[in-house]
Each structure stands twice: as C-alpha cells, then as structure tokens.
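Structure assessment
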Amino acid sequence: MEAQQVREQINRAARRGESFLFGVDYELREGFFLHPPFDSSPIRFKVGAVSNASPRTFPDDRPSDLSVTRSDREAYLRKFGILRQGLLRGDSFLANLTVRTPVATDCSLEEIFHRSTSRYKLLLPQRLVCFSPESFVRIIDGRIHSYPMKGTIDARLPDAEERLMADYKELCEHYTIVDLIRNDLNMVARDVRVDRFRYIDRLKTLRGEILQTSSEISGLLPEGWQSQLGDLIFRLLPAGSISGAPKSSTLRLIRRAEGCERGYYTGIFGYFDGCNLDSAVMIRYIERDSDGQLFFRSGGGVTIHSNADAEYDEILTKIYLPIPAHP
C-alpha cells in the first residue's frame, strides 16, 4: 500500500474510533494498515501489552546471538567524511548516519520476533523483523508524548553510567535532539514541555546490558485531533531522532552520505485502540534480501564533536538480539 493511502486510512478509522495497526517506511512511499488489527494477516506485532501473535515455543531454547559476517569500517568512514563536511558547512548540527551490516544467526526471523523482549516488535514474514526499544509518539488522553533516545554505551564498561552521562559529545547531541522534538511537537500541539531530561534506559541482550539515554517531551493536542490523526503523524515524519537538525537540510545530507534507501528501517509503526496511540521508531532491525542474506541496520547521531572510530564502534554495539541470557 502507498504511504499516503495509509495516512488517509488512519484519518478515517481514528475519526470513527476504530482500532488499527499501521506502519510506513522512512521515505514515506510504502506502508501497511490492518483494520481490524487482529485479523488473519501474516504481519505480527507487539506494542506494549497488545499483540496479535500467539505465544510460540521452539525446540531449541538455547539463546542464540548474531554474528557479523562482514564489517566494512572503511565504507563507514567514507560516509562519515561526507557527513562531517556537511556539518562543517553548517548544513546540519546533528545527523543520524546508518549502515547495513551482513549478519548470520541460527534463529529465523519468526523466532527472533517471538523470543525478543522489546516493548515494540514487528514481523513482516521473510522480509524483516524489528525489536525496537524507542517510542515514536504516544497519545494518552489527548496529550502527545515523545521519548527520543540518544547516547549508547556497553554497561559492562567500568563506570559506564557515569561515563555516558558525562560525555560532552553525547550531551550536545541530546540537547539538540530534545530541541528538535520540542519544535516538532509545537507544530501539532500546545503547552509543549520537557517532562524528563536525559534519563538512563537499560536494555538486556545476550551479551549483557547496554545503556541508553532518553528524554520525555509532551504537548496538548487540539480538540478533535482523532479526525486528523494521520495528517498529524505524517507531519512529524521522518522521526527527528533518526534524521537530525535542521531536518530538511539534514535529510539531504543523509541521502548523499548513505547513498541508498532505508526502506522500513527508521520508519514507524503503531497501534491505535480507538482512544489512545502507541507507536515506535523502527530501529534494532534485521532484513532479508532476495538472496536470503540477513542484514542488521544500525546507526547513530553524528555532530561536529564526533569521532569516526567511536561512532563506528557504537553502531556495532547496537547489533544484538534482545533475548535475555539464561542465569
């Protein structure tokens, strides 16, 4: 389905107070819309406590991890160089650079979906699986909330939490993304405020915990927002946390640096229950190409203070399965 058709379907269903699942890709070209969301579609999802997937067990319950089959640091450094030139010109203050890394695992996409513990999960069979920890927006009783995540560190490192919170580059990046999201929400809401600034999230993986910093920004939606919910969502896209600031010139810079389309990676998906909305940014994402090769997509924010080698190490840190290890 074309993304603009998804927008129109959201408007109609939300106006009628009907529940649905939706998703759109980063380029706003392709999407899906399930109404009702618990029908026989092969698409499987979990948003918070809501899911259309029946519990599954697998004969081998031994935790499985991902292995990187080819790591191209030089390609990343070339893309980083293009981005840095744009930052020096003033095209951007913060830009999200992403890469596609070949990986291997003995888990199927379906098994990864069922065994992962993330708040947000999506399975498009034989195509992709997403196990995202990051909200896009939540709408609760007419108030819209966003929770951008910026800043990652391996929790096993000595004084990891203190190092992450004291990192000057990460602090600058976080200030920038909070300001961007606040400006975005001001386009659709009033009384926009930062409710929590730079708190720690702990994410469990087979290799142990990783730490990420998040903030919470919220605003009050106008009366009758349900009738234009699709328009509201699309006005905020692409998500600020996976693009950058200022958004329009940063998007052009990202296209030059990355040199390929992202597709559903860093798009969004969400569930509307007839009253409230919960949605996710499609990060922590594995896709299968036509030859059966698996690729893990990952990225991170780049500022003028970024170090290329450190940024590359961070995107490798983000290649994981959120399947807790057995004690």
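The structure we're discussing is the one just above.
Residues numbered from 1 in each chain as written. Predicted model: local features only at pLDDT ≥ 70, side-chain atom pairs only at ≥ 80, totals over all residues. Heavy atoms only, no water.

Observations concerning the overall build of the protein
- Along the backbone of the protein there are 8 helices and 18 strands.
- Within the span of the protein, comprising 327 residues, buried residues form 55% of the whole.
- In the protein, the share of contacts with a sequence separation of at least 24, taken over all contacts with a separation of at least 6, comes to 72%.
- Of the roughly 14,000 Å² of accessible surface on the protein, 48% is carried by carbon and sulfur atoms.
- Separation of charge centres in the protein, based on 44 positive and 45 negative side chains, amounts to 2 Å. (Helix = DSSP H or I, 4+ residues; strand = E, 2+ residues; numbered from the N terminus. Buried < 20%, exposed > 50% of the residue type's maximum accessible area, 1.4 Å probe, protein only. Contact = heavy atoms within 4.5 Å. Areas by Shrake-Rupley, 256 points an atom, 1.4 Å probe, with all protein chains shown as cover. Lys, Arg positive; Asp, Glu negative; His and termini not counted. Charge placed at Lys NZ, Arg CZ, Asp CG, Glu CD.)

Observations concerning the nonpolar core
- Core analysis: the largest hydrophobic core is formed by 73 residues, its most contacted members being Leu-122, Ile-144, Leu-229, Ile-233 and Phe-269.
- Phe-113, Ile-286, Ile-319 and Ile-323 belong to the second-largest nonpolar core, a separate cluster that totals 15 residues. (Core = buried A, V, L, I, M, F, W, Y, C linked by side-chain atoms within 4.5 Å.)

Describing helix H7 (residues 247-258)
- Over its 12 residues, H7 extends 16 Å from the first C-alpha to the last, a length consistent with the 16 Å expected when each residue adds 1.5 Å.
- Two residues or fewer past H7, Gly-259 is found with a positive phi of approximately 70°. (Expected span 1.5 Å × (residues − 1).)

A closer look at unusual backbone geometry
- The residue after His-35, namely Pro-36, is reached through a cis peptide bond having omega 0°.
- Note that Pro-36 resides in the loop between strand E2 (31-34) and strand E3 (44-47).
- That bond from Leu-237 to Pro-238 is cis: its omega, -10°, falls within 30 degrees of zero.
- Examined against the element boundaries, Pro-238 turns out to sit in the loop between helix H6 (229-235) and strand E14 (244-245).
- Not every positive phi belongs to a glycine, and Arg-284 is a case in point at roughly 55°.
- A relative accessible area of 5% places Arg-284 in the buried class.

Describing the pattern of salt bridges
- In total, this model carries 23 salt bridges according to the counting rule given.
- Its salt-bridge partner being Arg-29, residue Glu-261 comes within 2.0 Å of it at the nearest N-O pair. In this pair, Glu-261 sits in the loop between H7 and strand E15 (268-272) while Arg-29 sits in the loop between strand E1 (20-24) and E2, placing the two residues 232 residues apart along the sequence.
- The partner of Arg-256 in a salt bridge is Asp-91, and the shortest N-O contact between them spans 3.6 Å. With Arg-256 in helix H7 and Asp-91 in the loop between helix H2 (73-89) and strand E6 (94-104), this pair connects stretches of sequence that are 165 residues apart.
- In this structure Arg-256 comes out as partly exposed when scored by relative accessible area, which is 46%. (Salt bridge = Lys/Arg side-chain N within 4 Å of Asp/Glu carboxyl O.)

Quick word on the packing of H2 against helix H8 (residues 308-317)
- The geometry of H2 relative to H8 is characterised by a closest axis approach of 10 Å and an angle of 120° between their N-to-C directions. The orientation of H2 with respect to H8, classified from their angle, is oblique. Classified by chirality, the crossing of H8 by H2 is right-handed. Contacts from Arg-73, Tyr-76, Leu-77 and Phe-80 in H2 reach Ala-308, Asp-309, Glu-311, Tyr-312, Asp-313 and Ile-315 in H8.
- Residues of the contact of H2 with H8, tallied by class, amount to 6 nonpolar, no polar and 4 charged. (Axes fitted to C-alpha atoms, helices over the stretch in contact; angles between N-to-C directions. Parallel < 35°, antiparallel > 145°, perpendicular 65-115°, else oblique. Left-handed = near helix turned anticlockwise from the far one by under 90°. Nonpolar A, V, L, I, M, F, W, Y, C, P; charged D, E, K, R; others polar.)

Quick word on the side chain of Arg-284
- Among the secondary structure elements, Arg-284 is positioned in the loop between strand E16 (277-281) and strand E17 (285-288).
- Within polar-contact distance, the side chain of Arg-284 engages the side chain of Tyr-320 at 3.1 Å.
- Every residue in contact with Arg-284, bar those within four places of it in the chain, is listed here: Val-129, Cys-130, Phe-131, Ser-132, Pro-133, Leu-203, Gln-212, Phe-296, Lys-318 and Tyr-320. (Polar contact = N/O pair within 3.5 Å; in protein donor to acceptor, adjacent residues only side chain to side chain.)

Points about the pairing of strand E7 (residues 120-124)
- With 5 of its 5 residues buried, E7 lies for the most part within the structure.
- Of the two faces of E7, the one holding Tyr-120, Leu-122 and Leu-124 and the one holding Lys-121 and Leu-123 are both buried throughout.
- Looking at chain direction, E3 and E7 are connected through 4 bridges and run antiparallel. Within E7, the position partnered with Phe-45 by the bridge is Leu-122.
- Counting the residues in the hairpin turn of E7 and strand E8 (residues 128-132) gives 3 residues, including Gln-126, whose phi is positive at 65°. (Pairing = 2+ DSSP bridges.)

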